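Letter by letter, the chains look like this.
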Amino acid sequence: MAIGTDFEIQNDKDIRYTGAAHGAGGAGYYTVLELHRWLQDLADDASAAGDDFMDITKDTPSDKSFDTIINLINGFNIDDTAAEHLYGGSIIQSSGAVIYDGVQIIANAGCFTEIVQNGAIITNDFWNSTPFGASSLGLNPDPTAGLSHRFIVKVRTGGSDIDSRKLIFQTREWGKTYSEFRIGGGTARGVNSVPLQFADDLNNTTAVGTVAGWTSIANTEGFRSIDVDNNSTPENYYSEWNKDTFTINQFYERMKWLTRRGSASTIYGINGELFRGITHEITVDTPTGTFSATEAVSWSGGTGRMVAINSTTAATKMWIQLLTGVAPTDNQVITGGASSATCQVNVTVTERTLSFPFCGVSTGSAIIGAYGFGLEALDMSANDKVFDLTNTQRQAPNYVTFTVSGLVSGEDTVLVGPADGGALDLNQFTLNGALTGAAVTSVVVNSAIPADTPATGTIRILRTNGAYSKHAYTSWTGTTFTIGSTDFSSNNAANGANTFISYIDKVAAATSESFTAIYVSNRDLFIRVRDGGVTPIKTFESTGVLGSGGGSATAVRTSDL
Amino acid sequence: MAITIDWATKIISVPQSDLVLISGNKYYLDVDTFRLALKDLEDSEEGMAFPMTHNHNSVVVLSGVSYARVVEIINGYTVSFENTGTPYSVRLQGANNNIFDVTNVIANVSVIVTNSAGLIETGGGSSNPWSAIVAANNTAGTFGERIQKLLTKAQFLGTK
C-alpha cells in the first residue's frame, strides 16, 4: 500500500491518516523517512492532485536531518492518530514545540508493553494492536532483528517536554516474566531501543482467578523492624508481608497478581500496576511536623511515593518510589502530601536497584527478595534471602513446624513435650532455685534452654502438690524463661523441681495444632491426645521427631465409650 | 465432692457422695461412670502430664451375648474410698475390674467384688489344668506345688 493512499495533506498543512484502523485489513504503517520522501515527491509536482494539497507552489513540508529524524516545517504537522501509523524515527514539528520519538522494543513476539509517562500508564496503547493477519500483537515487528514493536511516542507538546521525556517501559503479563526498561534521561531523537524480557515464568503457573482469591496474604506498610536472621538485632524493611498459609512461591505469585497489568489493587497508595518498589534512599534532616507512615511526597522538580521513613517525627532516612521528575538533591525540601510535614535532603540520595516483580525472584521454593522487601520472620525458610534497607543480605534460620493432625476442635486436648526413651521427658530441666514468691516472673533452670525452643510458648513446672502447672512464657534467654506474674507463695515449686517445655499444650482449636521452632538438630517429641468428654476416646500416645523438614503426627481417635 | 486424683501419690479418691445408695449402709460404685470420671480428669490441664489411669475394654457382643466391659486400673494408681467414720460397704458393679486389687485399706469401708468370669485363661494356656506344664505351677499353696513335693517311687524306696 502506498503511503499516499493512507495519508492526506490538507489545505491547512495538516497531514492526516485516512487509512484503515489498527487490526483491520489495509491498515498502513510507514517509516518517518517514507513520510518525508512522499512529501518531497509531492512538493515538486506541478500541481496538487487528489486529497493532497501539495505542489511546487506550496511551502516546503519537511526537512531530513537524518533518515530517522524528520522535521515537519513551515506549519506542516501530523496529529496523534497519524503518528500511530509511523515508526522508525522522530518527527519534530511546530518549530520543535512537538516531538514524537521513535521506539523499538527488543523482545520476544507478543510482548505486551506498557508505557508509563509522567507517572501514569499511557492508556492508548495502540502499539499493542495485532496487525491484520498476524499471530501476535505488536505493530511493525521485525522478528529477524528481534523487534516486537516499532512506533513513535509523543514526548514533547506545547513547547514543553512531557516529564523531561522520561519513559518507563514495562511488561507485566500473567504467567510471563515481568520486565522494565527506563529511559531515565529522556528519549533521544531517532529510534530509542528498549529491551524487555518476555518469557514464560515457570514459577507463575497458577490460574489468575485462583490467585485472586488469596486475599489473606497481607502487608503492613511502612518502616518495619524484623529480626529475619534471628540474631536479636532486628533489621529494617519497608514492608512486612504475611504469607499466611501459602507457600513462598504462591506468595510470589500473589505479588505478581497485585502488580500485574490491569491490576485494581492499591499498594502504598498507588495502583499496583504502577508500583515498582524503592527507587531512592534519601538521607534527610531538619524534619518538621509528623509524616505519615507512607504518603505522597513532592519537591521542586519531582514527586514520589514515600514507602518508609525511619521516624515520622525525627527522620534521618526516607525511602521513596520516584513517580515524576528527578530525584531531589541536597538541601531540597521534601513535603508530605497528606501530612504537610517537611524535611530536607542531607547530601546523600542513593538510587536503588529494582526487581521485577517488585518482591524479587522466586526459585520455586525460595525467594530472593528485592531491596528492602520484608516478610514476617516466621514466614521465611532457611533458603529465603532478603535484603534490608541497608541492602545487606539477611537469611532466615530454618524454621520448622511440627503438626499434630486428626484432631477434633474443641474436644481433644493435645500435649506435645520432649521425649526421653519414648516417654514424656518430665525433667527436661530442673529448677535452679525454688519458686516461692507471690509474683514470680522468671523461671531459672539449671541447663541452657535449647536454641530450638519457640520464642513464646508454655512450660510445665512440678509443684509441691505433684501436679505440673502450665505457664505461658513470653520470652527466654540463656537459662531463664520469662512468664507472666504468678503466685508461687503456696503450692511452691521446689529447688530442682522438674520442668519441661510443652510445645503444644491446649485444647485443640482446629483439626490440627502445630508449633514452629528453629531447627538445630533432630528433637524427639512425645505426643499425647485425650478426650474425656461425652464422646471419649482412648488416650493416643506416640513419639515423633522435629527434623530439618519439620514433622507431624496424626492422632488416632479410637472411641472409648 | 467428686472423684479426685492426687497426681503425686497416684491415689484416686472416691467420696461416698459419688456412690449410689442401695439401702442402709450399702452402696455401689458404677464402674463405667467411675472410669469416665477418670477420663475426664486425665484430659484436664493437670492430668495431661500424667500417664493414663486405666485400661478399658468395652462391652462385646458375641453370638448374641453381651460380655461385660473390663476396667483395669494401671500405672500404679490406687483407689481410696472415703472414710466417713461410719462403716459401709461398696459393691463394684457395671464392669469386671481390678479395683479391689488396688484399693487402699480404709477403715470402715468394705469392698465387694462382683466380677463374673465366663471362659477364663489359665497359666497353662488352656482351660484344662491337667494339661498344664508341672514346672510352671509351683506357686506356694497350690495343687501344683503339692504335686511336685510328692515323693517319687525311687525316693520312697530310698527312704526305706
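Look above for the structure.
What counts and how
Residues numbered from 1 in each chain as written. Chains lettered and ligands numbered in written order. Predicted model: local features only at pLDDT ≥ 70, side-chain atom pairs only at ≥ 80, totals over all residues. Heavy atoms only, no water. Helix = DSSP H or I, 4+ residues; strand = E, 2+ residues; numbered from the N terminus. Buried < 20%, exposed > 50% of the residue type's maximum accessible area, 1.4 Å probe, protein only. Contact = heavy atoms within 4.5 Å. Areas by Shrake-Rupley, 256 points an atom, 1.4 Å probe, with all protein chains shown as cover. Buried area = accessible area lost by both parts, 1.4 Å probe. Salt bridge = Lys/Arg side-chain N within 4 Å of Asp/Glu carboxyl O. Nonpolar A, V, L, I, M, F, W, Y, C, P; charged D, E, K, R; others polar. Pairing = 2+ DSSP bridges. Axes fitted to C-alpha atoms, helices over the stretch in contact; angles between N-to-C directions. 1 Å grid on protein atoms, 1.4 Å probe; cavity = no way out; pocket = protein on both sides within 12 Å on 5 of 7 lines; lining within 4 Å. Points joined across faces, edges and corners; volume = space filled by probe spheres on them. Polar contact = N/O pair within 3.5 Å; in protein donor to acceptor, adjacent residues only side chain to side chain. Expected span 1.5 Å × (residues − 1).

A. Representation of the overall build of chain A. Across its full length, chain A carries 5 helices and 44 strands. With 561 residues in all, chain A has 50% of them scored as buried. Contacts in chain A between residues far apart in sequence, at least 24 positions, make up 62% of those at least 6 positions apart. On chain A, roughly 22200 Å² of surface is accessible, and the fraction owed to carbon and sulfur atoms is 49%.

B. Representation of the interface of chain A and chain B. Tallying the contact residues gives 23 residues for chain A and 20 residues for chain B. Counting the surface chain A buries against chain B, the share from its top three residues, R530, G532 and D560 of chain A, is 29%. Taken together, the links from chain A to chain B amount to 2 salt bridges. Where D560 of chain A meets K39 of chain B, a salt bridge forms, and the shortest distance between an N and an O atom there is 3.1 Å. When contributions to the side of chain A that touches chain B are tallied by element, the ones reaching two or more residues are strand 32 (413-420), strand 37 (468-477), strand 42 (523-531) and strand 43 (537-546) of chain A. Residues belonging to the side of chain A that touches chain B are distributed by class as follows: 10 nonpolar, 6 polar and 7 charged.

C. Seen up close, the sheet that holds strand 27 (residues 360-362) of chain A. Residues and elements named next belong to chain A. Spatially, the 4 strands line up as an open sheet ordered 27-28-29-30, and their pairing is mixed. Each having just a single partner strand, strand 27 and strand 30 (393-395) make up the two edges of the open sheet. Direction aside, the axes of adjacent strands within the sheet are offset by 15 degrees on average. In this structure, strand 27 lies alongside strand 28 (residues 367-371), joined through 3 bridges in antiparallel fashion. Counted as the bridge partner of V361 is I368 from strand 28. Packing against the sheet, helix 5 (residues 248-258) makes contact with strand 27 and strand 28, and its axis sits at approximately 135 degrees to strand 27.

D. Representation of empty space enclosed by the protein. This model, assessed by the stated rule, comprises 1 cavity of 30 Å³ or more. Residue classes in the lining of the largest cavity are distributed as 6 nonpolar, 3 polar and 1 charged.

E. Region of the structure containing the layout of surface pockets. Residues and elements named next belong to chain A. A volume near 680 Å³ is recorded for the largest pocket. What lines the largest pocket is a set of 30 residues, among which L378, P454, A455, T456 and T516 lie closest to the centre. Looking at the lining of the largest pocket, the elements with two or more residues in it are strand 36 (457-462), strand 37, strand 39 (498-502), strand 40 (504-507) and strand 41 (512-518). Take the lining of the largest pocket: its biggest share by element is 6 residues, from strand 41. Along the lines of polarity and charge, the residues of the lining of the largest pocket split into 15 nonpolar, 11 polar and 4 charged. For the second largest pocket, the calculated volume is near 450 Å³. Its residues assigned to classes, the lining of the second largest pocket shows 5 nonpolar, 6 polar and 4 charged.

F. Local environment of the pattern of salt bridges. Residue and element names in this part refer to chain A. A full pass over the atoms with the stated rule returns 31 salt bridges over all chains. Among the ionic pairs, K317 bridges to E281, the shortest N-O distance being 3.0 Å. With K317 in strand 24 (residues 317-325) and E281 in strand 21 (residues 280-288), this pair connects stretches of sequence that are 36 residues apart. Note on K317: relative accessible area 25%, which makes it partly exposed.

G. Just the pairing of strand 4 (residues 62-66) of chain A, in detail. Residues and elements named next belong to chain A. Pairing between strand 4 and strand 5 (residues 69-72): 4 bridges, direction antiparallel. Across the sheet, S62 pairs through a bridge with L72, a residue of strand 5. Linking strand 4 back to strand 5 in an antiparallel pair, the connection comprises 2 residues.

H. Fine view of helix 5 of chain A. Residues and elements named next belong to chain A. Where burial is concerned, most of helix 5 is hidden: 10 out of the 11 residues are buried. Within helix 5, the full set of buried residues consists of I248, N249, F251, Y252, E253, R254, M255, K256, W257 and L258. Those residues of helix 5 hidden inside the fold are in contact with helix 4 (208-212), strand 18 (235-242), strand 19 (266-267), strand 27 and strand 28.

I. Looking closely at the side chain of D101 of chain A. Residues and elements named next belong to chain A. In this structure, D101 sits in strand 9 (residues 98-106). For D101, a relative accessible area of 0% corresponds to the buried category. Engagement of the side chain of D101 in a polar contact is seen with the side chain of T187, the distance being 2.6 Å. If sequence neighbours within four positions are ignored, D101 has contacts with G89, S90, F151, I152, V153, V155, R165, T187, A188, R189, G190 and N192.

J. Representation of helix 1 (residues 31-42) of chain B in the model. For helix 1 of chain B, with 12 residues, the first-to-last C-alpha span of 16 Å sits near the 16 Å given by 1.5 Å per residue. Among the residues of helix 1 of chain B, the N-terminal cap falls to D30 of chain B, whose side-chain oxygen and the backbone nitrogen of D32 of chain B are separated by 3.0 Å.

K. Expanded view of the environment of A423 of chain A. All names here are of chain A. Topologically, A423 is positioned in strand 33 (residues 423-424). Under the relative-accessibility criterion, A423 is labelled partly exposed at 37%. C-alpha separation for the pair A423 and S542, spaced 119 residues apart in sequence, amounts to 8.7 Å. Sequence-distant contacts of A423, that is, excluding residues within four places in its chain, are made with P418 and F526.

L. Layout of the environment of K256 of chain A. Residues and elements named next belong to chain A. By the secondary structure assignment, K256 is in helix 5. We classify K256 as buried; its relative accessible area is 0%. The spatial distance from the C-alpha of K256 to the C-alpha of E273 is 9.7 Å, given a sequence separation of 17 residues. In contact with K256, other than residues within four places in its own chain, are W174, K176, T177, Y178, D201, N204 and P357.

M. Quick look at the environment of Q170 of chain A. All names here are of chain A. Within the secondary structure, Q170 is located in strand 14 (residues 167-171). Q170 gets classed as buried once you look at its relative accessible area, which sits at 1%. Considered as a pair, Q170 and F198 are 28 residues apart in the sequence and their alpha carbons are 10.0 Å apart. Look past the residues within four positions of Q170 in its chain and what remains in contact with it is F112, T113, E114, V116, I121, S179, E180, L196 and E273.

N. How the structure looks around the pairing of strand 10 (residues 114-117) of chain A. All names here are of chain A. Here strand 10 shows no split at all, with E114 and V116 on one side and I115 and Q117 on the other all buried. Relative to strand 11 (residues 120-121), strand 10 runs antiparallel, the two being bridged by 2 bridges. Directly across from Q117, in strand 11, lies its bridge partner A120. Hairpin connection from strand 10 to strand 11: 2 residues lie between these consecutive antiparallel strands, with N118 at a positive phi of about 55 degrees.

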